[in-house]
Amino acid sequence: MSSSARALGIMQGTPPAPGKRPTLENWDLAPFNRWSFQNVRMVLPTAAIRRGAGPASNLPRDHQGLDDLAVAGPDGQATTLAGLLEATECDGFLVLHRGRVAHERYLNGMQAHTLHLSQSVGKSFVSTLVGILWGRGLLDLEKPVSHYLPELAGRGYADALLWQVLDMRSGVKFNEEDYGDVDAEIGMLDRAAGWKPHRAGQPETVIELIEALVQERPHGGHFVYRSIETEVLGWLVARVAGMPLVEVMSRELWGPMGAEFDADFTVDRDGTALASGGLNAALRDYGRFGQLFLDQGCIDGRQVVPAEWVAQCRRGDRAAFAVKYADYFPSHPEACYSRQWWVLDPARGRHVALGIFGQMVWVDPADRLVVVALSTWPDYLDPARRGALFKACEAIGRALNS
């Protein structure tokens, strides 16, 4: 059974006890992430994503009593959905079926208004802004990113086309195979973003890091997961829109989709939002985003995201994916990657936004189902927990559609 941040004594007392206060070195690691993922504003600088003055979009409630639903745990043993959430350090869990709240649970002190870090789930939000601008004719996916960001001319990303960056198929060198490798490029991104202490002589901001990267293979080859691609997209969106990324998010997505609460992004020394993993938002607003994609980009009769963009996010190039990731999702043999979404099953349109330490927005059009999980796993990646969560989503879909 998992322990809450309160039970662990993290940031409890006035002042908290020595050894129970997260530091810049360890805030995102267990056990401190049990507290800090719900309190990022107290750890790092952030910039607000305003929801605006309009009403929140309606999420009617139709609770289905799923706590006792039979599912398998990470060890393969039989348990209940409630037991699985406890066993996997889940902080918030939401099920939307046909646009209605079928299940909503908060654990580890999380509440409805709490902003929770979503790590790489934010990638799918940023790519949505690309889709919105593309739908207005402001972006051409066949143009090189240096067309929009002249600073990249003559650098690693110079000739990479926008679609290649969207699908993480550029040839730029960026090692993200081990999140604990502080000497790899992913460690450099953590430091440039201000998530970890800076090292002398290394890029001091995210944009400086982008400009420093080199090309190691032809652009347009096989898929390799690299968070830096989303940082290029965030910079490009801000440049084309003529305003900071948080303002683009507010005007083009957060307000139009009827978010219930303000959200925020962590920002670096230049005030640049960490597009690839710095989004903090409330549980139901992650659900609203998933519902927007379930409904083909439309909400209350308004087309917020082009329907064709949503369609592109549900299909991808399996051959390009399988070169390195053929067995990444054992239960989904046709999986691929497209437009900053993991496409689990192109035939049924099942796609998912995923973040390390157990963040997920699951969208399954066939089941009319959206599932959001916000967690604080002790490890960056845990295939057993992820697999159990996927199977639980499938079980929920069967139960609600039976």
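Please refer to the structure placed before this passage.
Keep in mind the model is a prediction, meaning the values are calculated, not measured.

A. Inspection of the packing of aromatic side chains at higher detail. Applying the stated rule across the entire model yields 27 aromatic pairs. On the numbers, 4.9 Å between centres and 55° between planes, the contact of Phe 223 with Tyr 325 is tilted. You can see Phe 223 sitting in the loop between α8 (206-212) and α9 (228-241) and its partner Tyr 325 sitting in helix α13 (residues 318-325), a full 102 residues away along the chain. Of the two residues, Phe 223 and Tyr 325, both sit in the buried class. Aromatic ring contacts, followed pair by pair, group Phe 223, Tyr 225, Phe 321, Tyr 325, Tyr 328, Phe 329, Tyr 337, Trp 342, Trp 362 and Phe 390 into a single cluster. Over the ring of Trp 309 we find Arg 339; its NZ or CZ atom is 5.7 Å from the centre of that ring. For the cation-ring pair, Arg 386 lies above Tyr 328, with the distance from its terminal atom to the ring centre recorded as 4.7 Å.

B. Seen up close, the packing of helix α4 (residues 121-135) against helix α10 (residues 245-254). It is the contact of α4 with α10, at a shortest axis distance of 10 Å, that shows an interaxial angle of 70°. In terms of orientation, α4 lies roughly perpendicular with respect to α10. The hand of the α4/α10 crossing is left-handed. Between α4, through Phe 125, Val 126, Thr 128, Leu 129 and Ile 132, and α10, the contact on the second element is made entirely by Leu 245, Val 248, Met 249, Glu 252, Leu 253 and Trp 254. Residues belonging to the contact of α4 with α10 are distributed by class as follows: nine nonpolar, one polar and one charged.

C. Geometry of the environment of Ala 241. Position of Ala 241 relative to the elements: it lies in helix α9. A relative accessible area of 26% places Ala 241 in the partly exposed class. Considered as a pair, Ala 241 and Leu 133 are 108 residues apart in the sequence and their alpha carbons are 8.2 Å apart.

D. Representation of unusual backbone geometry. A cis geometry characterises the amide bond from Thr 14 onward to Pro 15, with omega recorded as 0°. Its place among the elements puts Pro 15 in the loop between α1 (5-8) and α2 (33-36). In this structure, Pro 31 follows Ala 30 across a cis peptide bond, with omega equal to 0°. Note that Pro 31 resides in the loop between α1 and α2.

E. Region of interest: empty space enclosed by the protein. A full pass over the atoms with the stated rule returns two cavities of 30 Å³ or more. Taken as a whole, the largest cavity spans an internal volume of roughly 50 Å³. Looking at the lining of the largest cavity, the elements that each hand over two or more residues are α3 (81-87), β15 (369-375) and α14 (383-401). The residue makeup of the lining of the largest cavity, split by class, is six nonpolar, two polar and one charged. The computed volume of the second largest cavity comes to approximately 30 Å³.

F. Just the pattern of salt bridges, in detail. Following the criterion strictly, the structure yields 26 salt bridges and no others. One salt bridge in this structure joins Asp 317 and Arg 169, with 3.5 Å as the shortest N-O distance. Taken together, the positions of Asp 317 in the loop between α12 (307-312) and α13 and Arg 169 in the loop between α6 (162-166) and α7 (185-192) put the pair 148 residues apart, joining distant regions of the chain. In this structure, Asp 382 and Arg 385 form a salt bridge, with 2.9 Å as the shortest nitrogen-oxygen distance. For the pair formed by Asp 382 and Arg 385, the shared burial category is buried. Ionic contacts of the salt-bridge type, sharing partners, join the residues Arg 61, Glu 104, Glu 260, Arg 284, Asp 285 and Arg 288 into one network.

G. Here's a closer look at the nonpolar core. Of all hydrophobic cores here, the largest spans 127 residues; its most connected members are Phe 93, Tyr 157 and Met 360. In terms of residues, this core owes the most to one element, α14, which gives eight residues. If sequence neighbours within four positions are ignored, Met 360 has contacts with Val 121, Val 352, Ala 353, Leu 354, Val 371, Val 372, Ala 373, Leu 389, Phe 390 and Cys 393.

H. Just α7, in detail. Extensive coverage of α7 is indicated by the burial of eight of its eight residues. Glu 185, Ile 186, Gly 187, Met 188, Leu 189, Asp 190, Arg 191 and Ala 192 are the residues of α7 that are buried. Directly beyond the C-terminal end of α7, a positive phi value near 85° is found at Gly 194.

I. The arrangement of the side chain of Arg 284 in detail. Mapped onto the secondary structure, Arg 284 falls in helix α11 (residues 283-294). Judged by its relative accessible area of 11%, Arg 284 falls in the buried class. Among the polar contacts made by the side chain of Arg 284, one reaches the side chain of Glu 260 at a distance of 2.9 Å.

J. Representation of the sheet that holds strand β6 (residues 116-117) within the structure. The strand order β1-β7-β8-β6 describes an open sheet built from four strands, whose pairing is antiparallel. Edge strands, defined here as strands with exactly one partner in the open sheet, are β1 (46-49) and β6. With two bridges connecting them, strand β7 (residues 263-266) and strand β8 (residues 279-281) associate as antiparallel partners. Bridge pairing in β8 links Phe 265 to Leu 279. With respect to the sheet, α10 is in contact with β1, β7 and β8, its orientation differing from that of β1 by roughly 20°.

K. Region of the structure containing the sheet that holds β15. On the basis of which strands lie adjacent, the open sheet formed by seven strands has the order β5-β4-β15-β14-β13-β12-β11 and antiparallel pairing. If you trace the sheet from one side to the other, it starts and ends with β5 (100-106) and β11 (336-338), each paired once. Averaged over neighbouring strand pairs, the angle between their axes works out to 20° when direction is ignored. The sheet contact formed by strand β14 (residues 359-364) and β15 spans five bridges and is antiparallel. Along β15, the bridge assignment pairs Val 361 with Val 372. Along the sheet, α4 makes contact with β11, β12 (341-345), β13 (350-355) and β14, crossing β13 at roughly 120°.

Cut-off values and rules
Residues numbered from 1 in each chain as written. Predicted model: local features only at pLDDT ≥ 70, side-chain atom pairs only at ≥ 80, totals over all residues. Heavy atoms only, no water. Phe/Tyr/Trp six-rings, centres within 6.5 Å; stacked < 30°, edge-to-face > 60°. Helix = DSSP H or I, 4+ residues; strand = E, 2+ residues; numbered from the N terminus. Buried < 20%, exposed > 50% of the residue type's maximum accessible area, 1.4 Å probe, protein only. Lys NZ or Arg CZ within 6 Å of the ring centre and 35° of its normal. Axes fitted to C-alpha atoms, helices over the stretch in contact; angles between N-to-C directions. Parallel < 35°, antiparallel > 145°, perpendicular 65-115°, else oblique. Left-handed = near helix turned anticlockwise from the far one by under 90°. Contact = heavy atoms within 4.5 Å. Nonpolar A, V, L, I, M, F, W, Y, C, P; charged D, E, K, R; others polar. 1 Å grid on protein atoms, 1.4 Å probe; cavity = no way out; pocket = protein on both sides within 12 Å on 5 of 7 lines; lining within 4 Å. Points joined across faces, edges and corners; volume = space filled by probe spheres on them. Salt bridge = Lys/Arg side-chain N within 4 Å of Asp/Glu carboxyl O. Core = buried A, V, L, I, M, F, W, Y, C linked by side-chain atoms within 4.5 Å. Polar contact = N/O pair within 3.5 Å; in protein donor to acceptor, adjacent residues only side chain to side chain. Pairing = 2+ DSSP bridges.

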